[in-house]
Amino acid sequence: MRIGELTRRTGVNERLLRYYEQQGLLQPERLPSGYRVYRESDVAAVNRIRSLLAAGLSTATIAQILPCLREEDERLVPTCPDLIAQLRAERARMTSAIEELETSRSLLDSVIMAGLATTA
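Residues numbered from 1 in each chain as written. Predicted model: local features only at pLDDT ≥ 70, side-chain atom pairs only at ≥ 80, totals over all residues. Heavy atoms only, no water.

- An unreviewed UniProt entry annotates the protein chain as MerR family transcriptional regulator of Streptomyces cuspidosporus.

Structure, rendered in structure tokens:
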């Protein structure tokens, strides 16, 4: 299928699909004319990519783990033994970032409250 059809079937615009290709997430065939030709399996791959991006993973991380995932009952299941450890490390990174953001928010709340106290 051509890129327009993949766009229609996944809801992902052509520019993002080209970006996914640049990042090594998709590998469409190229016709002599330069047109990209996608496989049926690329529809599921794009959906997996979107799910992983929504989970907060970078495209670089997704490129590493995508070959180690399969879909089962509409959920992603790891197939490589070391993937669980990698995902746990990614989750720990996210947790740390969340904690830093919560600290920043708390500091900002203090500044706001101090400002309210002086204007009241």
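**Topic: the packing of aromatic side chains**
And then number 1: Using the criterion set out here, one finds one aromatic pair in the structure.
And then number 2: Plain terms: the ring middles of tyrosine 19 and tyrosine 20 are 6.5 Å apart, the flat faces sit at 55° to each other, and that makes the pair tilted.
And then number 3: When its relative accessible area of 1% is taken as the criterion, tyrosine 20 is described as buried.
And then number 4: The cationic tip of arginine 2 hangs over the ring face of tyrosine 35; the distance from NZ or CZ to the ring centre is 4.5 Å. (Phe/Tyr/Trp six-rings, centres within 6.5 Å; stacked < 30°, edge-to-face > 60°. Buried < 20%, exposed > 50% of the residue type's maximum accessible area, 1.4 Å probe, protein only. Lys NZ or Arg CZ within 6 Å of the ring centre and 35° of its normal.)

**Things to note about the UniProt feature "domain: HTH merR-type" (unreviewed entry) in the protein chain**
And then number 1: Those residues carrying the UniProt feature "domain: HTH merR-type" (unreviewed entry) are residues 1-68 in this numbering.
And then number 2: The span residues 1-68 carries 56% helix and 6% strand; its end-to-end C-alpha distance comes to 25 Å. (UniProt positions renumbered as here; feature names shortened; annotations may be inferred. Helix = DSSP H or I, 4+ residues; strand = E, 2+ residues; numbered from the N terminus.)

**A look at the state of the cysteines**
And then number 1: Applying the stated criterion across every chain yields a total of one disulfide.
And then number 2: There is a disulfide in this structure between cysteine 68 and cysteine 80, and the S-S distance comes to 2.0 Å. Of note, the bridge from cysteine 68 to cysteine 80 carries an S-S torsion of about -80° and is left-handed in sense. Note that cysteine 68 is positioned in the loop between helix H4 (59-65) and strand E3 (69-72) and cysteine 80 in the loop between strand E4 (75-78) and helix H5 (83-119), a separation of twelve residues in sequence. (Disulfide = S-S within 2.5 Å.)

**Thoughts on the layout of surface pockets**
And then number 1: Of the voids in this model, the largest pocket is the one considered here, and its volume is about 170 Å³.
And then number 2: Considering the residues around the largest pocket, the lining is formed by 13 residues, among which Leu25, Gln27, Ala45, Arg48 and Leu66 are closest to the centre.
And then number 3: Here the lining of the largest pocket takes four residues from helix H3 (residues 41-54), the largest share from any one element.
And then number 4: Of the residues contributing to the lining of the largest pocket, the split by class is seven nonpolar, three polar and three charged. (1 Å grid on protein atoms, 1.4 Å probe; cavity = no way out; pocket = protein on both sides within 12 Å on 5 of 7 lines; lining within 4 Å. Points joined across faces, edges and corners; volume = space filled by probe spheres on them. Nonpolar A, V, L, I, M, F, W, Y, C, P; charged D, E, K, R; others polar.)

**As for the environment of leucine 107**
And then number 1: For leucine 107, the position within the fold is in helix H5.
And then number 2: Given a relative accessible area of 55%, leucine 107 falls into the exposed group.
And then number 3: In this structure the C-alpha to C-alpha distance between leucine 107 and leucine 25, which are 82 residues apart in sequence, comes to 39 Å.

**Here we look at the packing of helix H1 (residues 3-10) against H3**
And then number 1: For the pair H1 and H3, interaxial distance at closest approach is 10 Å and the crossing angle is 50°. Relative to H3, the element H1 is oriented oblique. The two elements H1 and H3 meet at a crossing, and its hand is right-handed. Across from Leu6, Arg9 and Thr10 in H1, the residues of H3 making contact are Asp42, Val43, Val46 and Asn47. (Axes fitted to C-alpha atoms, helices over the stretch in contact; angles between N-to-C directions. Parallel < 35°, antiparallel > 145°, perpendicular 65-115°, else oblique. Left-handed = near helix turned anticlockwise from the far one by under 90°. Contact = heavy atoms within 4.5 Å.)

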